[in-house]
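# Observations on the three-dimensional arrangement
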Amino acid sequence: MKLIIPLLLLVTISGCQSFRLKIESSDSDRQNQDSEISPDQDDTSSYDDDDSLDIDDEEEIVTEEPQKDPEIPPAAKSLLKKADDERSLQNYDRSEHYVERALRISPESPYIHFYYSQILLEQEKNSLAESRAFKALSLCEHDKNLKKRLWQLIAISRHREGDNQGSINARRKAEQYSH
Amino acid sequence: MKKFLGGVLFISIFIFLILVAYLQIKMSTSFEGKKWSMPALVYARPLELYDQKTISPSDLEYELYQLGYQYSLNGKSEGTFSRDGNSFTIFTRGFSFWDSKEPSNRVSLTISRDTIENFQSHLKSDLVRLDPIKIGGIYPGHHEDRLLIKNEDTPTSFLKGLVAVEDKDFYNHFGLSLSSIGRALIVNIKSGKYIQGGSTISQQLVKNFFLTNERTLIRKAQEALMAVLMEFNYSKKEIIETYLNEIYLGQNGKRAIHGFGLASQHYFGKNFKSLQVHEASLLIAMVKGPSYYNPRRHPKRAKKRRNLVIGVLYSNNIITEKEALSARKKPISVIPKTNSVLTKYPDYMQLVKKQLLEEYDMEDLSSEGLKIFTNLDPILQHKSDLQLKKSLKKFDKNENSPLEGAVVLSKVDTGEIIALLGSRDDRASGFNRALKANRPIGSLIKPAIYLTALNQPESYTLASQIPDTAVNVENKNDGTFWTPKNFDNETREQVSIYDALVHSYNLATIHMGLALGYSKIEETLIDLGITKKIPHLPSLFLGSLEMTPFEVTEMYQTIASGGFKTHLKSIHTVISRDGSPIKRYSNKLEKKFASNSIHLIQHAMLGTMREGTGRSAYNYLSDSLNTAGKTGTTNDQRDSWFAGFTGNILGVVWIGKDDYKPTQLTGSSGALNVWSNIIAQSHSTSIRKNFSDEITYNWVHIPTGKLSDRFCSDVSYLPFIKGSEPIGQAPCTNIGRSISNWFHSFFQ
C-alpha cells in the first residue's frame, strides 16, 4: 500500500512527461512548417536521420492531363489533349505551348497549372515546376488530393535541387492531406 | 590612221568590257541581296473563338473589320462574315501559326450577355483561331514592303496574263525584245514624243532594282545591257518570281508597296492566291502606272485599263468568254486604306522592336521575312486609346497647357503586354512615355514598403499600430529639414498598417520605412523586379524614385500575380518566312514572395479601392468586381498615377506634363479615372480569393489592433497568417454595422 502512492505518482509523472514531449514535438513541427520560399532553419533535431525522401517517391507522380475537371471548357480540353500528345513524343516546347493556350482560356484552373508543373518536372526544370505547383496551390480550394500531389511534386523538385530539408517539409505538408 | 582607229576601237572595247564587268558585279550582288530581302511582319494576338468565350458582339465585329473581312450575306468565300442580331456566321481565312496551320473554316455562333454560345464549326473544331491582324512591319531603311510569293504559289493563269500584257515574248527573248522596241520606236516617232516604252519584264525589273525613272538614252542603254546580263545569269523562273515580288504597285503613306502578294492585301485584304479574275486583272493593269491607275483615286481610269487587261486575257485564251464578261461587269471594289498594312500602333511596336533587338540584329529583322506574333489585344488597345484621348481632353479644360498620358496593360497571370500607349495620340510615332518617361512614382511605392513589413509576420500584421506623427528629417549635407505632410495635413497618434496603406498616409509610411530600414525595402523592390539604383534617403518612402510606366507595371505584376515574377513580354512566338518555328516566349513563373504576405498586401489594396483613395473607381465599375490598386500623386500634383488590377488584367496609367509643370489632378481624379473606364470596358474578372490554409480572418478593432466582433464599431475583417493573430480583445462599444462587411461576404 505504501508503495502504491509513489508508484502512482511515478506513473503520473511519466505520463505527463510523455504528453509534454508530444506537445513540444508538434510545436517544433509548427515552427518548422514550410515557409514556401526558402528551406526552413536548419533545425534537424526533431527529425530522424532515416527520415529522408525515398527516391521511389518519384514514382508517385504520374503525369495526367486534367481532362476530368468539369470546369475546363471543351476548347481548353482539346488543347490539353494536343499538349499531352506532344508530351508523349517528348516535344516539350510544343506541349508547353498548348498548355499555355489552355491556360489563356482557363487561367484559374489549378489542374491545368498542376499538369504544367508535371511537364516541367519531366524536363527537370525543377524550380520552374515548383513555382508552377505553388501557383496551382494558390488556386486550389477543396481538392485535398490535388493539394497532396502538389506538395509531393514540390518535394521531388526540391530533392532534385539538393534541398533535402525543404523536400522533407514539403512531404510532411503532403502527408497532412492524406487524412 | 588605221593604227589610230584600231587603237580607239581597242580602247572602246576595253572600256565597254570594264563597264560590262562592273554592271555584272553590281547586278549579281544586289540582285542576290535584294531578291530575298523581306521585312519582318508583326501581328497582334489571334482572336480565338469557342463556347464560353467572353466577347461582345461589337468587339467581334470590330476585330473582323480590322482583319478586312467583308460583310456578305451569302458568305461563300474566305474573309467574309454575316451578322443577324447577335448571331454571326464567319468564313475564316486559313493561317499558318507557330504550332500548326489553321485551316479556313466556317463558324457560326451566338453571343449572349457577352459570352459565346452555340459555337459550331464546319470542321467540328471546339476552337477556331481567326487569322491575326497585321499591326506593322520592321522594314529596311529604304521603306520597301513586300509579302513574298513564290512561283509555285502563283496561279498559272495569272502568270500567263501578266506575261501576255507586259511582255508576251518573255520566254523567248534574251532580255530585250527587238520587236517591242521596234513597235515603240514607230509610235514615238509618229507622235513626236516619248509615249511608249518597249521594256521587257527583265528591263522593268532592272529599272526597279537599280535605276532611276529618267527617260534618257544613256539610262535606257544601261537598262538594256543589265537586262541582258540578268538573262545571262538567272533563269526565266527566277526572274519572273523576283518580278512578282519586286514590281512597284503603289504607296501606303511612307511605305512603298512592292509585289503582288502585298498588293493583294493592300487593295483587297486578301491572299494573293484568292484573287478573282477582275481583281488579278486590276493589279496587272496597275503595273503600267500604279499612281495613274490608282483604283482609290482614279477608279474610272483603273476600270478602263482593267477591262483592257481582261480583254487581253480572253484573246490569249487564258480565260473564257463567260469569265471575261463576268469580270468586266464587276465594279472596282477595294478595301478602305485604313485596313491595309501600316504600322498601326507605333508605341506598342517600339516595345516589340526593343524586345526583339535583345535577340536579333536589325539587319536580320528587316530582311529575313520573319513573322512576329505579339500579345497585343487590338480591341483593348483601341478602347484604351479612345479613353485616354477622351479623358485628357476633358482634363485639359482645367489646365493651362495640354496634358500627356501613358497606359500599360498586361495579363496578371502571364505578364503578356496586351496594350500600350505612350502618348495621347496612338497613331503618332513620337516620344513613348510608357517606355521612356522616368517620373517619380509617389505613393505607388507604398505597397512595397508595407509588403516588406508583412513579410515579417512575427513583427507586423495588417492590424499592427504605427505612428502617423510629424516627421522631421535633417539633411546632413546642408542642414535643412525635410518636413513632409499627410495629404489631409492631419496627424494621428497611431494607425493600423491597413489604414496607413488604404488612406495613403505619408507620415506613417515614413515611420514604417525608417523602422524597416533601407536594405530590407531595397530587397523587396529588387524582388518585385526593379533594377534601378535605390536611393537610401527618406524621400524614397514617399516615392521619389523615378520609374517609367512600364517599370511600374513590372513591379505591380509580381504583386498582382500572387507573388510570382513573370517577365513582361510583347512577343509570343517568332516563325521564319517559310513557317518554321524559331522561338516561343514561354510564360515562366518565378516565386518571389510567400503567398501569405501577398495575400495580406492584396487585401489592403482591395481596401484602397473600396474605402480608400481608389474608391471613386466604383463610379464606373460594377460593385461585384473586386479590384485592387494604389493611387499616386507627386509633389505639386506634377504626376497622376494609378496602378491597379483585377483577376486578369493589370493596368498602369500615368498623366502629367512633359515640362513637369503642376497639374490639377491627383492620382484619384486623373489616372484612376482613365484606368476605371478602361477596365469597365475590358470584360475583367474579379480578383479571386487565394486559398491558403495558413490564413485566418478575424474581426479586429482598428484603433487598437485587438480582436473584436463584427457588430462592434470601428472594426475590419482582416486576414492574418496563422499564429500572428492579435492577442487580446478590444472592448465592444457602440454596437453597429461594420463598414467592411463586403470583405466578410467576399471571403466567407
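First things first, this report covers the structure right here in the doc. (Residues numbered from 1 in each chain as written. Chains lettered and ligands numbered in written order. Predicted model: local features only at pLDDT ≥ 70, side-chain atom pairs only at ≥ 80, totals over all residues. Heavy atoms only, no water.)

## Let's talk about the overall build of chain B
We apply this condition: The secondary structure listing takes helices from DSSP runs of H or I that are at least 4 residues long and strands from runs of E that are at least 2 residues long, numbered from the N terminus. Relative accessible area decides the class of each residue, using a 1.4 Å probe on protein chains only: under 20% of the type maximum gives buried, over 50% gives exposed, and in between gives partly exposed. Any two residues having at least one pair of non-hydrogen atoms within 4.5 Å are treated as being in contact. The accessible surface values rely on the Shrake-Rupley method and a 1.4 Å probe; as for residues, cover is taken only from the protein chains in view. The sign given to each residue is positive for Lys and Arg and negative for Asp and Glu; His and the chain ends receive no count. Every charge is mapped to an atom, namely NZ of Lys, CZ of Arg, CG of Asp or CD of Glu.
Along chain B, the regular secondary structure elements total 23 helices and 33 strands. Overall size of chain B, expressed as C-alpha extent along the three principal axes, is 120 × 70 × 45 Å. The 748 residues of chain B split such that 57% are buried. Taking the contacts inside chain B whose residues are at least 6 apart along the sequence as the reference set, 69% of them involve residues at least 24 apart. For chain B, the exposed area adds up to about 32,000 Å²; of that, 54% sits on carbon and sulfur atoms. Between the averaged position of the 90 positive side-chain charges in chain B and that of its 73 negative side-chain charges there is a distance of 11 Å.

## Things to note about the sheet that holds strand β4 (residues 80–84) of chain B
Residues and elements named next belong to chain B. So the rule is basically this: Two strands qualify as a pair provided that DSSP identifies no fewer than 2 bridges between them. Orientation is described by axes fitted as lines to C-alpha atoms, over the contacting stretch for helices, and by angles from 0 to 180 degrees between their N-to-C directions.
One open sheet holds the five strands; their spatial order is β3-β4-β5-β8-β9, and the pairing between them is mixed. Two strands lie at the open edges of the sheet, namely β3 (70–71) and β9 (115–121), each paired on one side alone. Inspection of the sheet shows strand β5 (residues 87–91) paired to strand β8 (residues 106–112) by five bridges, in the antiparallel sense. Its bridge partner being in β8, Ser 87 is matched across the sheet by Thr 110. Where helix α2 (residues 57–66) meets the sheet, it contacts β3, β4, β5 and β8, and its direction lies at approximately 20 degrees from that of β5.

## Considering the interface of chain B and chain A
To keep it simple, the criterion reads: Buried area is calculated as the accessible area (1.4 Å probe) missing from two parts once they are joined, with the contributions of both summed. By salt bridge we mean one thing: a side-chain nitrogen of Lys or Arg within 4 Å of a carboxyl oxygen of Asp or Glu.
Listed as interface residues are 36 residues of chain B and, on the opposing side, 35 residues of chain A. Counting each side, the surface lost to burial between chain B and chain A is near 3,100 Å², with a carbon and sulfur contribution of 46%. Across the chain B-chain A interface, the total number found is ten salt bridges. Here B:Glu416 and A:Arg104 are joined by a salt bridge, their closest N and O atoms 2.6 Å apart. Taken together, the elements giving at least two residues each to the side of chain B that touches chain A come down to β2 (48–50), β10 (127–129), β25 (571–575), β27 (590–591) and α21 (595–610) of chain B.

## Focus on helix α10 (residues 299–315) of chain B
All names here are of chain B. Spelled out, the test is: The length a helix should cover is 1.5 Å for every residue beyond the first.
Counted at 1.5 Å a residue, the expected span for α10 with its 17 residues is 24 Å, and the 24 Å between its end C-alpha atoms agrees. Within α10, burial applies to Ala 302, Arg 305, Arg 306, Asn 307, Val 309, Ile 310, Gly 311 and Leu 313. The inward-facing, buried residues of α10 abut α3 (156–166), α9 (277–286) and α11 (321–329). In the stretch just after α10, Asn 317 is the one whose phi turns positive, near 60 degrees.

## Brief notes about the state of the cysteines
All names here are of chain B. Going by this rule: Cysteine sulfur atoms that pair up within 2.5 Å are treated as a disulfide.
Considering all chains together, one arrives at one disulfide over all chains under this definition. With its sulfur 1.7 Å from that of its partner, Cys 712 forms a disulfide with Cys 732. Measuring handedness by torsion sign, the sulfur bridge of Cys 712 and Cys 732 sits at about -115 degrees and is left-handed. With Cys 712 in the loop between β32 (706–707) and β33 (715–721) and Cys 732 in the loop between β33 and α23 (741–747), the pair connects residues that are 20 residues apart, well separated along the chain.

## Focus: the environment of B:Lys393
Note on placement: B:Lys393 falls in helix α14 (residues 378–396). Through-space distance from the C-alpha of B:Lys393 to that of B:Ser12 is 72 Å; in sequence the pair is 381 residues apart.

## Observations regarding a negative patch on the surface
We apply this condition: Note that patches include only residues with greater than 30% relative accessible area and no salt bridge, and the join distances are 9 Å for like charges and 5 Å for nonpolar side chains (Val, Leu, Ile, Met, Phe, Trp, Tyr).
Taken together, B:Asp361, B:Glu363, B:Asp364 and B:Glu368 make up a surface patch of like negative charges. With respect to the helices, strands and loops of the structure, B:Asp364 is situated in helix α13 (residues 362–367).

## What about unusual backbone geometry?
Residues and elements named next belong to chain B. With phi around 50 degrees, Arg 113 is a residue other than glycine that occupies positive phi space. By the element assignment, Arg 113 lies in the loop between β8 and β9. You will see that Lys 124, though not glycine, has its phi angle at about 60 degrees, which is positive. Note that Lys 124 resides in the loop between β9 and β10.

## With respect to the side chain of B:Arg306
Residues and elements named next belong to chain B. Basically, it comes down to this: A 3.5 Å cut-off defines polar contacts: any pair of N or O atoms within that distance qualifies, except that in protein one atom must be a possible hydrogen donor and the other a possible acceptor, and neighbouring residues in sequence count only when both atoms are side-chain atoms.
Structurally, the position occupied by Arg 306 is in helix α10. Of the buried charged residues, Arg 306 lacks a salt bridge, with Glu 279 as the closest side chain of opposite charge at 8.8 Å. In terms of polar contacts, Arg 306 uses its side chain to reach the side chain of Asn 307, at 3.0 Å. In contact with Arg 306, other than residues within four places in its own chain, are His 278, Ser 281, Leu 282, Ala 285, Ala 327, Arg 328, Lys 330, Pro 331 and Ile 332.

## Some points on the nonpolar core
Residue and element names in this part refer to chain B. Which entries qualify depends on this criterion: By nonpolar core we mean a set of buried residues, namely Ala, Val, Leu, Ile, Met, Phe, Trp, Tyr and Cys, connected to one another through side-chain atoms within 4.5 Å.
Core analysis: the largest hydrophobic core is formed by 116 residues, its most contacted members being Leu 60 and Leu 356. Look past the residues within four positions of Leu 356 in its chain and what remains in contact with it is Ile 138, Leu 365, Ile 372, Ile 571, Val 574 and Tyr 585. Grouped together as the second largest cluster of nonpolar side chains are 51 residues, Leu 162, Phe 170, Leu 205 and Ile 319 included.

## Here's the deal with helix α4 (residues 110–122) of chain A
One turn of the α-helix equals 3.6 residues, which is why residues spaced by three or four share an orientation. Residues and elements named next belong to chain A. Along its 13 residues, α4 runs 18 Å from first to last C-alpha, staying within 8% of the 18 Å computed at 1.5 Å per residue. Buried residues dominate α4, accounting for eleven of its 13 residues. Listed as buried for α4 are Pro 110, Ile 112, His 113, Phe 114, Tyr 115, Tyr 116, Ser 117, Gln 118, Ile 119, Leu 120 and Leu 121. As for α4, its buried residues are in contact with α2 (74–88), α3 (92–105), α5 (126–139) and α6 (144–160). A positive backbone phi angle near 60 degrees is found at Glu 124, which sits one or two residues after α4.

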